[in-house]
Amino acid sequence: MHETQPTDRRRSERVPLVRRGKLRAPGWVRFAPFQTSDISHCGVLLCISSEHALKSGDVIELAIAFGDEPILASDQTVRATVRRITPINHTTQGIGLEFHDEGALPFLPIVTRPAHPS
């Protein structure tokens, strides 16, 4: 029997990157802290407390700290859609987000190549 390999649907290369950040979903009064796991031009995988209820399809705003300065300004946030939620343990979940504007974060000399060259 012939098995097919799963297709990687990512449009951009992922880069392991651990940074702190904050996000807020509709209806949330406050931002919730998170930590990134990896990032690309198209999205980010982050870890956040399981107490923050998110669902696939939620549109959130987030900001990622790329330096030592705290994230305070609202103009530092970008919009993204929740694409995947994976429980990590009983207190933490992994959230896969797709940015609304590809390359919206100002960090991107670190990610430059597409995942599948044309």
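Before reading further, recall that the structure is shown in the block above.
Residues numbered from 1 in each chain as written. Predicted model: local features only at pLDDT ≥ 70, side-chain atom pairs only at ≥ 80, totals over all residues. Heavy atoms only, no water.

A. Main features of the pattern of salt bridges. Under the definition given, this model contains four salt bridges. A salt bridge links R14 to D38; its shortest N-O distance comes to 3.2 Å. Taken together, the positions of R14 in the segment before β1 (15-16) and D38 in strand β3 (residues 32-39) put the pair 24 residues apart, joining distant regions of the chain. Classification of R14 by relative accessible area gives partly exposed; the value is 31%. Owing to a relative accessible area of 12%, D38 belongs among the buried residues under this scheme. (Salt bridge = Lys/Arg side-chain N within 4 Å of Asp/Glu carboxyl O. Helix = DSSP H or I, 4+ residues; strand = E, 2+ residues; numbered from the N terminus. Buried < 20%, exposed > 50% of the residue type's maximum accessible area, 1.4 Å probe, protein only.)

B. Quick peek at the pairing of β3. Where β1 meets β3, two bridges bridge the pair, whose relative direction is antiparallel. Note on β3: the bridge partner recorded for P16 is D38. Judged from the four bridges that link them, β3 and strand β4 (residues 43-49) form a sheet pairing that is antiparallel. The residue bridging D38 from the neighbouring strand is L45, located in β4. (Pairing = 2+ DSSP bridges.)

C. Spotlight on the nonpolar core. The biggest cluster of nonpolar side chains holds 19 residues, and the ones touching the most others in it are L23, V44, L46, I60, L62 and L97. Counting residues per element, the ones that place at least two in this core are β3, β4, β5 (59-64), β6 (78-87) and β7 (92-99). Discounting residues that sit within four places of it in the chain, I60 has contacts with L23, R24, A25, L54, V78, R79, A80, V82 and L97. (Core = buried A, V, L, I, M, F, W, Y, C linked by side-chain atoms within 4.5 Å. Contact = heavy atoms within 4.5 Å.)

D. The arrangement of the packing of aromatic side chains in detail. Scanning the model with the defined rule gives zero aromatic pairs in all. Over the face of the ring belonging to F31 we find K22, whose NZ or CZ atom lies 4.5 Å from the ring centre. (Phe/Tyr/Trp six-rings, centres within 6.5 Å; stacked < 30°, edge-to-face > 60°. Lys NZ or Arg CZ within 6 Å of the ring centre and 35° of its normal.)

E. Structural detail: the pairing of β6. Relative to β6, β5 runs antiparallel, the two sharing four bridges. Bridging from a neighbouring strand, I60 pairs with A80 of β6. Looking at chain direction, β6 and β7 are connected through seven bridges and run antiparallel. Counterpart to I85 in the pairing with β7 is I95. Hairpin connection, β6 to β7: the antiparallel pair is bridged by four residues.

Nothing here speaks to function; it is geometry throughout.
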